[in-house]
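Tertiary structure, described
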Amino acid sequence: MHIAEKGEGPMILFLHGFPQLWYSWRHQSLALSSLGYHAVAPDLRGCGDSDAPASSSNNTTPHYQVFLVAHDWGAIVGWYMCLFRPDMLKTFVCLSFPYRPTNPKMKLVQGLRLLHGDDYYVCRFRFEPGEIEAEIARVGTAEVLKKIWTIRKPGAPCMPKENAFEISPENPTTLPSWPKDEDLAYYVSKFTQKGFTGGLNYYRLALDLNWELTASWKEAEVKVPVKLAIGDMDMVYTTPGMKEYIHSSGFRHYVPLMEDIVVMEGVGHFINEEKAVEINTLVYDFIRKY
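Residues numbered from 1 in each chain as written. Predicted model: local features only at pLDDT ≥ 70, side-chain atom pairs only at ≥ 80, totals over all residues. Heavy atoms only, no water.

The name given to the chain in an unreviewed UniProt entry is soluble epoxide hydrolase, and the organism recorded there is Manihot esculenta. Listed under Sequence similarities (unreviewed entry) in UniProt, the entry text for the chain is "Belongs to the AB hydrolase superfamily. Epoxide hydrolase family." In its Pathway (unreviewed entry) section, the UniProt record describing the chain reads: "Secondary metabolite biosynthesis; terpenoid biosynthesis." (UniProt positions renumbered as here; feature names shortened; annotations may be inferred.)

Notes on the overall build of the chain
Helix and strand content of the chain: 12 helices and seven strands. For 290 residues, the compact-globule formula gives about 19 Å, and the C-alpha radius of gyration of the chain, at 18 Å, lands near that figure. Seen through its C-alpha atoms, the chain measures out along the principal axes to roughly 50 × 45 × 40 Å. Pairs at least 24 residues apart make up 79% of the contacts formed inside the chain by residues separated by at least 6 positions. With the model as given, the accessible surface of the chain reaches about 13400 Å², and the carbon-plus-sulfur share is 55%. Put simply, the chain has 29 plus and 34 minus side-chain charges, and the middle of one group is 4 Å from the middle of the other. (Helix = DSSP H or I, 4+ residues; strand = E, 2+ residues; numbered from the N terminus. Rg over C-alpha atoms; globule rule 2.2 N^0.38 Å. Contact = heavy atoms within 4.5 Å. Areas by Shrake-Rupley, 256 points an atom, 1.4 Å probe, with all protein chains shown as cover. Lys, Arg positive; Asp, Glu negative; His and termini not counted. Charge placed at Lys NZ, Arg CZ, Asp CG, Glu CD.)

Structural notes on the pattern of salt bridges
Counted by the stated rule, this structure contains 18 salt bridges. Note that Asp 87 is salt-bridged to Arg 85, the shortest N-O span being 2.6 Å. (Salt bridge = Lys/Arg side-chain N within 4 Å of Asp/Glu carboxyl O.)

Some thoughts on the packing of aromatic side chains
By the definition in use, this model includes 26 aromatic pairs. Aromatic side chains Trp 22 and Tyr 186 sit 6.1 Å apart centroid to centroid with 80 degrees between the ring planes, which places their arrangement in the edge-to-face category. Taken together, the residues Trp 22 in the loop between strand E2 (11–15) and helix H1 (26–33) and Tyr 186 in helix H7 (residues 181–194) connect sequence positions 164 residues apart. For the pair Trp 149 and Tyr 187, a centre-to-centre distance of 5.3 Å together with 70 degrees between the ring planes defines the contact as edge-to-face. In this pair, Trp 149 is assigned in helix H6 (residues 141–149) and Tyr 187 in helix H7, connecting sequence segments 38 residues apart. On the basis of relative accessible area, Trp 149 is assigned to the buried category, the value being 2%. Taking the relative accessible area as the measure of exposure, Tyr 187 reaches 0% and is therefore buried. Cation over ring: Arg 100 sits above Tyr 245, and NZ or CZ is 4.3 Å from the ring centre. (Phe/Tyr/Trp six-rings, centres within 6.5 Å; stacked < 30°, edge-to-face > 60°. Buried < 20%, exposed > 50% of the residue type's maximum accessible area, 1.4 Å probe, protein only. Lys NZ or Arg CZ within 6 Å of the ring centre and 35° of its normal.)

What about helix H8 (residues 197–214)?
The terminal C-alpha atoms of H8 lie 25 Å apart, and with 18 residues this matches the ideal 26 Å at 1.5 Å per residue to within 8%. Residue Ala 206 marks the point of greatest curvature in H8, where the axis turns by about 45 degrees. Close packing links the buried residues of H8 with helix H2 (73–84), helix H3 (108–116), helix H4 (121–125) and helix H5 (131–139). (Expected span 1.5 Å × (residues − 1). Bend = angle between axes of the 7 residues up to and from the residue.)

Thoughts on unusual backbone geometry
Here the bond from Phe 18 into Pro 19 is cis, since omega is -5 degrees, no more than 30 degrees from zero. Within the secondary structure, Pro 19 is located in the loop between E2 and H1. Phi is positive for Glu 166, close to 50 degrees, though the residue is something other than glycine. Mapped onto the elements, Glu 166 comes out in the loop between H6 and H7.

Thoughts on empty space enclosed by the protein
The final tally for this structure, using the stated rule, is two cavities of 30 Å³ or more. Counted as a void, the largest cavity has a volume near 40 Å³. Lining the largest cavity are Ile 148, Trp 149, Ile 151, Arg 152, Met 235, His 269 and Phe 270. Residue assignment places the lining of the largest cavity across two domains, with domain 1 (3–54 + 61–103 + 220–288) and domain 2 (108–206) each supplying three or more. The computed volume of the second largest cavity comes to approximately 30 Å³. Together, His 16, Gly 17, Phe 18, Leu 44, Cys 47, Trp 73, Gly 199 and Tyr 202 line the second largest cavity. (1 Å grid on protein atoms, 1.4 Å probe; cavity = no way out; pocket = protein on both sides within 12 Å on 5 of 7 lines; lining within 4 Å. Points joined across faces, edges and corners; volume = space filled by probe spheres on them. Domains from an automatic or database assignment.)

Focus on the side chain of Thr 91
Along the chain, Thr 91 falls in strand E5 (residues 89–95). In this structure, Thr 91 is in contact with Val 66, Phe 67, Leu 68, Val 224, Pro 225, Phe 286, Ile 287 and Tyr 290, ignoring residues within four places of it in sequence.

A few points about the domain arrangement of the chain
Each assigned domain of the chain is listed with its residue range as follows: domain 1 (3–54 + 61–103 + 220–288) and domain 2 (108–206). The C-alpha centroid of domain 2 is placed 21 Å from the C-alpha centroid of domain 1. The junction of domain 1 with domain 2 conceals about 2700 Å² of combined surface from both sides, 63% of it contributed by carbon and sulfur atoms. At the surface where domain 1 touches domain 2, the tally comes to three salt bridges. Here Arg 26 ties to Asp 183 by a salt bridge, and the two come within 3.1 Å at their closest N and O atoms. Counting across the domain 1 and domain 2 interface gives 11 residue pairs in polar contact (both at pLDDT 80 or more). Of the residues assigned to the side of domain 1 that touches domain 2, the class counts are 13 nonpolar, nine polar and seven charged. (Buried area = accessible area lost by both parts, 1.4 Å probe. Polar contact = N/O pair within 3.5 Å; in protein donor to acceptor, adjacent residues only side chain to side chain. Nonpolar A, V, L, I, M, F, W, Y, C, P; charged D, E, K, R; others polar.)

Have a look at this one:
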């Protein structure tokens, strides 16, 4: 496992999503470490400079408590940590993905396909291994990253078969305002070196496995103090039914210790990079209470 760490004091564990790396937490690591915390941001397995081992039998669990901040796939991992090892966590700041209990009658991917069709991005990522990787190679890593970073289209994110990322030479994507050229260059260098398969395997291998492992936990509640922040233009938030669920009593039933929900206007999916200063303040204001 490759980790980036900075500072001393109580540990804050930052878990990234797809297609991201430890680097997505660069702003939070600098800010929170300067305020007396030990910021730790790993490359998740299969991503960046971390290996993708065939077995996880030698994994170890920290014997101390940490503050957890997580986004996208990292947030999904975070919810499972809240359920299975709440003793490890002091608090959880979730960015983007809310907790949803498992439906024991239908596998997650099957349900997503019924709701959104075969072109839904999760389903497309799970098609023939190598298909999406070949599409990325065809249009270029930099163009794909810029396209994903700039998504603002409301509704369920879908990827048409004829052009998965809807990229063409006649309609190039402009780099959004929040990353610098050197940030794009870092991501491109790491994904060019390692490829996207490690990250895509979270969709191909982990989703249904997680469904199987959590089927008996369908009524479990999250017993960790939680704060949720999401952009109102996040593709998760704009997916049909998700906004209503996030603001429902049903969500709060499963997360009874949730402090509040922050919806940032005009903000997309990559909230920790797009609104770095605001997220730094939000995290600090929440965790310093504990």
